[in-house]
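Analysis of the macromolecular model
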Amino acid sequence: MRKPSTSTMASLAAVGVVAVGTVVTAMLGPSRPLNLLDVLLPVVASAATLARRRFPVAALIVVALCVALYYPWGRLDGPLLVLAFVALYTAADLGHLTAAVATGGTLLLAMGVGESGGTRHVDDTMFIAIGGWVVAAVAFGGVTRTRRAYLLEAERRAADAEHSKEEEALRRASEERLRIARELHDVLGHNISMINVQAAAALHGLKKRPEEAEQALRTIKDTSKETLRELRTTLGVLRQVDEGVPTAPADSLARMDALVAASGLTVRTELDGPLDALPTEVDLAAARIIREALTNVSRHSGAAEARLSAACRDGELVVRVEDDGPGVTYDGGSGFGLQGMRERATALGGTLEAGPRPEGGFRVVARLPIEGVR
């Protein structure tokens, strides 16, 4: 069974007070005959009070009119004024502050003027007391409305903050998944590509040039060992388990010779600037971009030689990888390798350009800011 609301209970209590007060007043008051207004006005005002939440302004006007007629024209002096205070409070609480103020002022004026000729029905003390109660009812209704609005706004802001927190968590999780995907692509894609190239070279030269096949197999062995080591490192980072290996990827411009050797290409290298003092994030991103660019040269261009330059100047590191291979160049944005390189550069506030060279071949140019990245 549904329990009555607090507002309904307050209305019933106010009506009960008026009913009991009217009966007591009739029994203990002066023995003079009652008129119709002594009964009709309390009933109408009580009915309007019970409907005040649904029709606040109409109920206020009806109650005020009943009270204004009751005291000058009725024979009893019951507590009908209580219903006026309740109606004034409700109207102000529901946002009809202007109607509450206007009706309260009119009610005070009506109670201060008599049946005829301006005779007062209440003395000064009672008039001031009633005026204070009218002002208090309206003010209290306005305060409760303001407090309720404040609480609703606080709840809304808390909900928005919680929603923003969830969105931030989802965004961070998405960024972390992309970072993991890049790391695994860099670790596995490059080395497995090299293993595939060297295996093909070993099969091709196994009978005719066994010494080259032996070198290719030795490269496969070293590359697969490096792949397992870096994969174990990456998984250790994800699991937050210290396995006695570095917890960060090992690629670095300080290991440029290893990056070049692993590509299986002849690479002409030009280095300029203090590359040994780069921020860790820039050093790692540059090494990963170089690794991926050389892998793409080996896999897609058909060139046996590439040119690599890395230079620090004007607060940025510029990395350039070029080839003049005759092979079909790959799309400048659809592959995961190029996408990963571009994401690495963008994450540091840099840029990456990749596309065919006018004179033939392919070019990758990354510009990574150094200042402000530590």
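Bear in mind the structure is a predicted one, so any value in this text is a computation, not a measurement.

1. So, the side chain of R52
Relative to the helices and strands, R52 resides in the loop between α2 (37-50) and α3 (56-73). Buried R52, no salt bridge; nearest opposite-charge side chain is D93, N-O distance 7.6 Å. Side-chain polar atoms of R52 contact the side chain of T90, separated by 2.4 Å.

2. Observations concerning the nonpolar core
Counting residues in each nonpolar core, the largest one holds 33 residues, and the members touching the most others are L253, L308, L317 and V319. Of all the secondary structure elements, the ones that give two or more residues to this core are α8 (256-263), α9 (280-301), β2 (305-313), β3 (316-323), α10 (336-347) and β5 (362-369). The dominant element in this core, judged by the number of residues it contributes, is α9, at eight residues. Of all hydrophobic cores here, the second largest spans 28 residues; its members include L41, A84, F85 and I130.

3. Overview of the packing of α8 against α9
Running from amino to carboxyl end, α8 crosses α9 at an angle of 20°, the nearest separation of the two axes being 9 Å. On the basis of the axis angle, α8 is roughly parallel to α9. Of the two elements, α8 crosses α9, and the hand of that crossing is right-handed. Only A287, I290, R291, L294 and S298 of α9 make contact with α8, whose side of the interface consists of M256, L259, V260 and S263. Looking at side-chain class alone, the contact of α8 with α9 contains six nonpolar, two polar and one charged residues.

4. Things to note about unusual backbone geometry
Located in the positive-phi region is D314, a residue other than glycine, with phi close to 55°. Following the sequence through the fold, D314 ends up in the loop between β2 and β3. Classification of D314 as exposed rests on a relative accessible area of 77%.

5. Here's the deal with the pattern of salt bridges
Applying the stated rule across the entire model yields 15 salt bridges. Two residues, E153 and R156, come together in a salt bridge whose shortest N-O distance is 2.5 Å. Here R156 and E153 lie together in helix α6 (residues 124-205), a separation of three residues that amounts to about one turn. The exposure class assigned to E153 is partly exposed, which follows from its relative accessible area of 29%. A salt bridge links D272 to R313; the nearest nitrogen and oxygen atoms lie 3.2 Å apart. You can see D272 sitting in strand β1 (residues 266-272) and its partner R313 sitting in strand β2, a full 41 residues away along the chain. Classification of D272 as partly exposed rests on a relative accessible area of 40%. The class of R313 is partly exposed, set by a relative accessible area of 45%. A network of salt bridges, in which partner residues are shared, links R307, R320, E322, R357, E359 and R363.

6. Notes on the sheet that holds β3
One open sheet holds the five strands; their spatial order is β1-β2-β3-β5-β4, and the pairing between them is mixed. At either margin of the open sheet sits one strand with a lone partner, and together these are β1 and β4 (351-356). For this sheet the average axis-to-axis angle between neighbouring strands, irrespective of direction, equals 10°. For β2 and β3, the ladder comprises seven bridges, and the chain directions are antiparallel.

7. A few points about the environment of A110
Within the secondary structure, A110 sits in helix α5 (residues 97-112). Spatially, the C-alpha atom of A110 lies 8.9 Å from that of P72, the residues being 38 residues apart in sequence.

8. Re the pairing of β1
Examined bridge by bridge, β1 and β2 share seven bridges and lie parallel to one another. Among the inter-strand pairings, E270 is bridged to a residue of β2, identified as S309. The handedness of the β1 to β2 crossover, carried by α9, is left-handed.

9. Things to note about the UniProt feature "transmembrane region" (unreviewed entry) in the protein chain
In the numbering adopted here, UniProt assigns the feature "transmembrane region" (unreviewed entry) to residues 55-73, 80-113 and 125-143. Segment residues 55-73 splits into 95% helix and 0% strand. End C-alpha atoms: 27 Å apart. Helix makes up 100% of residues 125-143 and strand 0%. Its end C-alpha atoms lie 27 Å apart.

10. A few points about the packing of aromatic side chains
Summed over all chains, the structure comprises two aromatic pairs. Measuring from centroid to centroid gives 5.9 Å for F85 and W133, while their planes differ by 25°, and the two rings are stacked. Of this pair, F85 sits in helix α4 (residues 81-93) while W133 sits in helix α6, and the two are 48 residues apart along the sequence. Taking the centre distance of 5.5 Å and the plane angle of 25° together, the rings of Y89 and F140 count as stacked. Remark: F140 occurs in helix α6 and Y89 occurs in helix α4; sequence separation between them is 51 residues.

11. Topic: a nonpolar patch on the surface
Side chains of L36, L40, V44 and V62 sit close together on the surface and give an oily, nonpolar patch of about 320 Å² of accessible area. Within the secondary structure, V44 sits in helix α2.

12. Some points on α2
Side chains of residues three or four places apart in an α-helix project in the same direction, reflecting 3.6 residues per turn. Along its 14 residues, α2 runs 20 Å from first to last C-alpha, staying within 8% of the 20 Å computed at 1.5 Å per residue. D38, L41, P42, A45, S46, A48 and T49 are the residues of α2 that are buried. Seen along its axis, α2 keeps its buried residues to an arc of 165°; they face one direction. Along α2, the residues that are exposed and aim more than 90 degrees away from the buried face are V39 and V43.

Reading the values: the criteria
- Residues numbered from 1 in each chain as written.
- Predicted model: local features only at pLDDT ≥ 70, side-chain atom pairs only at ≥ 80, totals over all residues.
- Heavy atoms only, no water.
- Helix = DSSP H or I, 4+ residues; strand = E, 2+ residues; numbered from the N terminus.
- Buried < 20%, exposed > 50% of the residue type's maximum accessible area, 1.4 Å probe, protein only.
- Lys, Arg positive; Asp, Glu negative; His and termini not counted.
- Salt bridge = Lys/Arg side-chain N within 4 Å of Asp/Glu carboxyl O.
- Polar contact = N/O pair within 3.5 Å; in protein donor to acceptor, adjacent residues only side chain to side chain.
- Core = buried A, V, L, I, M, F, W, Y, C linked by side-chain atoms within 4.5 Å.
- Axes fitted to C-alpha atoms, helices over the stretch in contact; angles between N-to-C directions.
- Parallel < 35°, antiparallel > 145°, perpendicular 65-115°, else oblique.
- Left-handed = near helix turned anticlockwise from the far one by under 90°.
- Contact = heavy atoms within 4.5 Å.
- Nonpolar A, V, L, I, M, F, W, Y, C, P; charged D, E, K, R; others polar.
- Pairing = 2+ DSSP bridges.
- Right-handed = clockwise from strand over helix to strand, strands pointing away.
- UniProt positions renumbered as here; feature names shortened; annotations may be inferred.
- Phe/Tyr/Trp six-rings, centres within 6.5 Å; stacked < 30°, edge-to-face > 60°.
- Patch = residues over 30% accessible without salt bridge, like charges linked within 9 Å, V, L, I, M, F, W, Y side chains within 5 Å.
- Areas by Shrake-Rupley, 256 points an atom, 1.4 Å probe, with all protein chains shown as cover.
- Expected span 1.5 Å × (residues − 1).
- Arc of directions from axis to C-beta.

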